[in-house]
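# Understanding the architecture of this molecule
For reference, the chains in residue letters:
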Amino acid sequence: MPAPLDIHRIPVLNDNYVFVIIDPDTQTAAVVDPAIAPPVLTFLAQRSIQLTAIFNTHHHGDHVGGNREIYAVYPDVVVYGGAADRGRIPHQQVFLQEGDRVSLGNHQATVFFVPGHTKAHIAYYFPGSAATPGHLFCGDTPVSYT
């Protein structure tokens, strides 16, 4: 069983957060919705972590504004986003739909299509275990599943 994900929240702008998700077993990381790059790059530089992914929930600038600068420093990073955001997320290489799965090290997330805030909005859900909670990264969309 893989070690639980290590989640870090970096406050940016006036009211946003960039999340850094780390798989402690592989020392790989993903960044969720990097509004701006400098605090993310500083965080990553202070640790021996390999950035492998940028998970974007939607195309708004306060969620993708740091993509270009992060990509310039980490040119092997894979940029994910919703399929309907094609052409609107800088450096997007993977175009996701409901039910797709993405990996970070030894962990997998399920993609949920959650339109409402934008027509292409998606969320990423990393399930937990009996001992740890799951993690839902949903951008600006409140999500409720029953």
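Data block above holds the structure.
Reading the values: rules and limits
Residues numbered from 1 in each chain as written. Predicted model: local features only at pLDDT ≥ 70, side-chain atom pairs only at ≥ 80, totals over all residues. Heavy atoms only, no water. Helix = DSSP H or I, 4+ residues; strand = E, 2+ residues; numbered from the N terminus. Buried < 20%, exposed > 50% of the residue type's maximum accessible area, 1.4 Å probe, protein only. Contact = heavy atoms within 4.5 Å. Pairing = 2+ DSSP bridges. Axes fitted to C-alpha atoms, helices over the stretch in contact; angles between N-to-C directions. Core = buried A, V, L, I, M, F, W, Y, C linked by side-chain atoms within 4.5 Å.

Below, the discussion takes up the environment of Ala 29. One can find Ala 29 in strand β3 (residues 28-32). Exposure remark for Ala 29: the relative accessible area of 0% places this residue in the buried category. Placed 24 residues apart in sequence, Ala 29 and Leu 5 show a C-alpha to C-alpha distance of 9.6 Å. Excluding its chain neighbours within four sequence positions, the residues that come into contact with Ala 29 are Val 20, Ile 21, Ile 22, Leu 44, Ile 49, Gln 50, Leu 51, Thr 52, Ala 53 and Leu 104.

With 6 of 8 residues buried, strand β2 (residues 16-23) lies mostly within the body of the structure. One ladder, built from 7 bridges, connects strand β1 (residues 6-12) with β2; its direction is antiparallel. If you follow Asp 6 over to β2, its bridge partner there is Ile 22. Taken together, β1 and the strand that follows it, β2, pair antiparallel across an intervening segment of 3 residues, in which Leu 13 is found at a positive phi of about 50°. Bridging between β2 and β3 involves 5 bridges; their strand directions are antiparallel. Among the inter-strand pairings, Val 20 is bridged to a residue of β3, identified as Val 31. Hairpin geometry of β2 and β3 is characterised by an intervening segment of 4 residues between the two adjacent antiparallel strands and by a positive phi of about 55° at Gln 27.

Next up on the list: the environment of Leu 13. Assignment of secondary structure puts Leu 13 in the loop between β1 and β2. Residues Leu 13 and Gly 105 lie 92 residues apart in sequence; the distance between their C-alpha atoms is 29 Å. Ignoring sequence-local partners within four residues, the contact set of Leu 13 consists of Ala 35, Ile 36 and Asp 62.

Here we come to the sheet that holds strand β4 (residues 50-55). Taken together, 6 strands build an open sheet; the order of strands is β1-β2-β3-β4-β5-β6 and the sheet is mixed. The sheet is open, and its two edges are formed by β1 and β6 (94-96), each paired on a single side. Averaged over all pairs of adjacent strands, the angle between strand axes in this sheet comes to 25°, irrespective of strand direction. Packed onto the sheet, helix α1 (residues 38-45) meets β1, β2, β3 and β4 and runs at close to 145° relative to β1.

Now for the nonpolar core. If you look at the biggest cluster of nonpolar residues, it comprises 21 residues, and the most contacted ones within it are Ile 10, Val 20, Ala 29, Val 40, Leu 44, Leu 51 and Ile 70. Elements that contribute at least two residues to this core include exactly β1, β2, β3, α1 and β4. Top element by residues in this core is α1. It accounts for 4 residues. Grouped together as the second largest cluster of nonpolar side chains are 16 residues, Val 102, Val 111, Ile 122 and Phe 126 included.

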